[in-house]
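Okay, here's what each chain looks like letter by letter:
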Amino acid sequence: MENTKIVNLIKKIAEERDERAFSEIFDFIAPKINAYYIKNNLSSEQAEELTQEVLSTIWIKAKLFNPEKSKFITWSFTIARNKRIDFYRKSKKSNANEDDIRDFLYENNKVNDYEIETIINKISEELDQNQQKLIKMSFFEQKSHKKIADELEIPLGTVKSRIRATLNKMQKFL
Amino acid sequence: MNSTVQKNELIFGYSSGNLGEAKSLFVSMYLHLNSLAAKRASIFENILANNLQSLKEVAPRNLKYTDCIKTSSDSEYKINTSNNPLSNFLGDLNNINWKFVYKGFKEFNLPFDDNDTVKLIKIDPGTSVPLHSHNGKEYILVLEGSFCDEYGEYNKGDMQINDQKIKHKPTASNKDGCICLSITENDIVFIGKFGSVLNLLTFIKSFFK
């Protein structure tokens with residue numbers, strides 16, 4: 001979906017509580033969020049439960065989204081990530097609510113997603129496919145180094161050194 | 001290991017959501033106080049979020065958009081009014097019940113059910129911490145004031161990472177002293193004249209944790 005369209009839909013949700021606009025956003029983002037949770041090894045029931053929480057949050061906090069500062073996909077990703085963190089903490093006696101902290105940082109963060117886009121593009125040009133895959137497996141899908149080693153059929157030590165090398169490579173641009 | 005790499009790894013861990021609760025709070029304070037760190041976190045979050053675009057979608061089977069409106073019961077979002085992530089968790093930082101450790105040095109342990117020990121440290125102006133090393137890693141973030149040691153000067157928003165290889169004797173600035181947030185993965189090891197006494201105290205203290 002095009003960015004201008006997304007921005008328009010979110011605006012309608014925030015200002016007019018437009019349910020039709022929300023249904024379009026739901027169709028766009030819910031299957032992605034749900035897939036993210038399944039990739040993170042949650043059962044399909046848990047994945048859908050958390051997807052529901054993320055979409056409810058988008059509905060409630062639409063007003064908080066600042067299209068000049070953030071990309072919708074990144075904003076949604078961080079909500080999904082925070083729900084996953086809080087989900088795992090539910091089993092323990094938890095002190096801090098990740099969502100609240102994240103909201104605070106979001107409101108006060110001066111970084112603009114569009115201004116750092118050149119850096120992000122440079123990083124993705126610089127990393128080869130294998131390195132991008134490693135970042136994805138380790139930081140997006142939260143796979144353990146052991147699991148990555150098994151899946152890619154390479155030694156555990158190699159996984160560790162390759163991830164470190166990839167982060168080092170990214171460092172130049174940070 | 002280069003400490004910038006270690007700081008980035010911590011930020012990346014935060015962005016991906018795989019840090020424990022204590023480290024997570026620590027990094028959120030770091031991002032709050034340090035704009036370069038906040039920028040790095042944003043870069044990494046954007047890179048991770050781009051994976052959502054290329055992911056093979058899985059449509060939820062038992063979830064409709066109306067379910068997400070219904071459950072939220074239209075409760076309006078309230079803007080978070082705390083001053084920073086730490087006060088969101090601890091309340092007013094001016095009302096902390098500091099524990100006296102030795103003259104000029106106070107600390108407050110944060111009640112985390114976590115593998116890492118988190119504490120706030122308050123050092124009066126000009127006070128030094130005896131020369132020590134660390135069994136595991138220690139992360140120190142300056143919240144107020146500044147301190148310096150053999151490796152440099154650390155101001156508000158600066159982070160220092162210490163491990164076994166590092167021996168240092170930090171001294172709080174003469175003007176403001178300093179308040180730091182620290183995370184230790186293992187107890188520190190004191191060296192020097194009072195080293196053995198302090199190590200013994202740390203050892204005895206560990207029984208009361």
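Residues numbered from 1 in each chain as written. Chains lettered and ligands numbered in written order. Predicted model: local features only at pLDDT ≥ 70, side-chain atom pairs only at ≥ 80, totals over all residues.

## What to know about the overall build of chain B
Then, number 1: Within chain B one finds 6 helices and 10 strands.
Then, number 2: The burial tally for chain B puts 37% of its 209 residues in the buried class.
Then, number 3: When contacts within chain B are restricted to residue pairs at least 6 apart in sequence, long-range pairs at least 24 apart make up 68% of them. (Helix = DSSP H or I, 4+ residues; strand = E, 2+ residues; numbered from the N terminus. Buried ≥ 20, exposed ≤ 12 C-beta atoms within 10 Å, placed from the backbone. Contact = placed C-beta atoms within 7 Å.)

## So, the packing of helix α6 (residues 117–126) of chain A against helix α3 (residues 35–54) of chain B
Then, number 1: Interhelical geometry of α6(A) versus α3(B) gives an angle of 60 degrees and a closest axis separation of 10 Å. Considering their axes alone, α6(A) and α3(B) lie oblique with respect to each other. Relative to α3(B), the crossing made by α6(A) is right-handed. The segment α6(A) lies against α3(B), with Ile119(A), Ile120(A) and Ile123(A) engaging Ile43(B), Asn46(B) and Ile47(B).
Then, number 2: Among the residues forming the contact of α6(A) with α3(B), the class breakdown is 5 nonpolar, 1 polar and no charged. (Axes fitted to C-alpha atoms, helices over the stretch in contact; angles between N-to-C directions. Parallel < 35°, antiparallel > 145°, perpendicular 65-115°, else oblique. Left-handed = near helix turned anticlockwise from the far one by under 90°. Nonpolar A, V, L, I, M, F, W, Y, C, P; charged D, E, K, R; others polar.)

## Quick notes on the interface of chain A and chain B
Then, number 1: Facing the 59 residues of chain A at the interface are 52 residues of chain B.
Then, number 2: Elements supplying a minimum of two residues to the side of chain A that touches chain B: α2 (19–39), α3 (44–61), α4 (72–89), α5 (98–108), α6, α7 (129–140) and α9 (156–171) of chain A.
Then, number 3: With 12 residues, α2(A) is the largest single contributor of residues to the side of chain A that touches chain B.
Then, number 4: The residue inventory of the side of chain A that touches chain B, partitioned by class, reads 27 nonpolar, 14 polar and 18 charged.

## Some points on the pairing of strand β3 (residues 117–123) of chain B
Residue and element names in this part refer to chain B.
Then, number 1: Of all 7 residues that make up β3, 5 are buried, and the element is covered over most of its length.
Then, number 2: Sheet topology note: the strand β2 (residues 105–109)/β3 ladder contains 5 bridges and is antiparallel. Its bridge partner being in β3, Lys-106 is matched across the sheet by Lys-122.
Then, number 3: Where β3 lies against strand β9 (residues 178–184), 7 bridges are found, and the strand directions are antiparallel. Bridged to Leu-120 within β9 is Leu-181. (Pairing = 2+ DSSP bridges.)

## Things to note about the pairing of strand β5 (residues 138–149) of chain B
All names here are of chain B.
Then, number 1: Pairing between β5 and strand β7 (residues 159–162): 4 bridges, direction antiparallel. Note on β7: the bridge partner recorded for Glu-138 is Asn-162.
Then, number 2: Bridge count for β5 against β9 is 7 bridges, and the pairing is antiparallel. Bridged to Val-142 within β9 is Cys-180.
Then, number 3: Bridging between β5 and strand β6 (residues 152–155) involves 4 bridges; their strand directions are antiparallel. For Ser-146, the partnering residue across the bridge sits in β6 and is Asn-155.
Then, number 4: Connecting β5 to the antiparallel partner β6 that follows it, the hairpin turn spans 2 residues.
Then, number 5: Looking at chain direction, β5 and strand β8 (residues 171–172) are connected through 2 bridges and run antiparallel. Bridge pairing links Phe-147 to Ala-172 in β8.

## Details of the nonpolar core
Across soluble globular proteins, you tend to see nonpolar side chains buried next to one another.
Then, number 1: Among the nonpolar cores identified, the biggest contains 88 residues, and Ile25(A), Trp59(A), Phe26(B), Tyr30(B) and Leu141(B) are the most heavily contacted of them.
Then, number 2: The leading source of residues in this core is α2(A), at 10 residues.
Then, number 3: The residues contacting Leu141(B), other than those within four sequence positions of it, are Phe26(B), Met29(B), Tyr30(B), Met159(B), Cys180(B) and Leu181(B). (Core = buried A, V, L, I, M, F, W, Y, C linked by C-beta atoms within 7 Å.)

## Considerations on the domain arrangement of chain B
Residue and element names in this part refer to chain B.
Then, number 1: Entries for chain B in the domain assignment read domain 1 (3–74) and domain 2 (87–208).
Then, number 2: Opposite the 13 residues of domain 1 that make contact, domain 2 presents 14 residues.
Then, number 3: Of all elements in the fold, only α1 (3–16) and α2 (21–33) reach the threshold of two or more residues within the side of domain 1 that touches domain 2.
Then, number 4: Here the element with the most residues in the side of domain 1 that touches domain 2 is α2; it accounts for 8 residues.
Then, number 5: Partitioned by chemical class, the residues of the side of domain 1 that touches domain 2 number 6 nonpolar, 4 polar and 3 charged. (Domains from an automatic or database assignment.)

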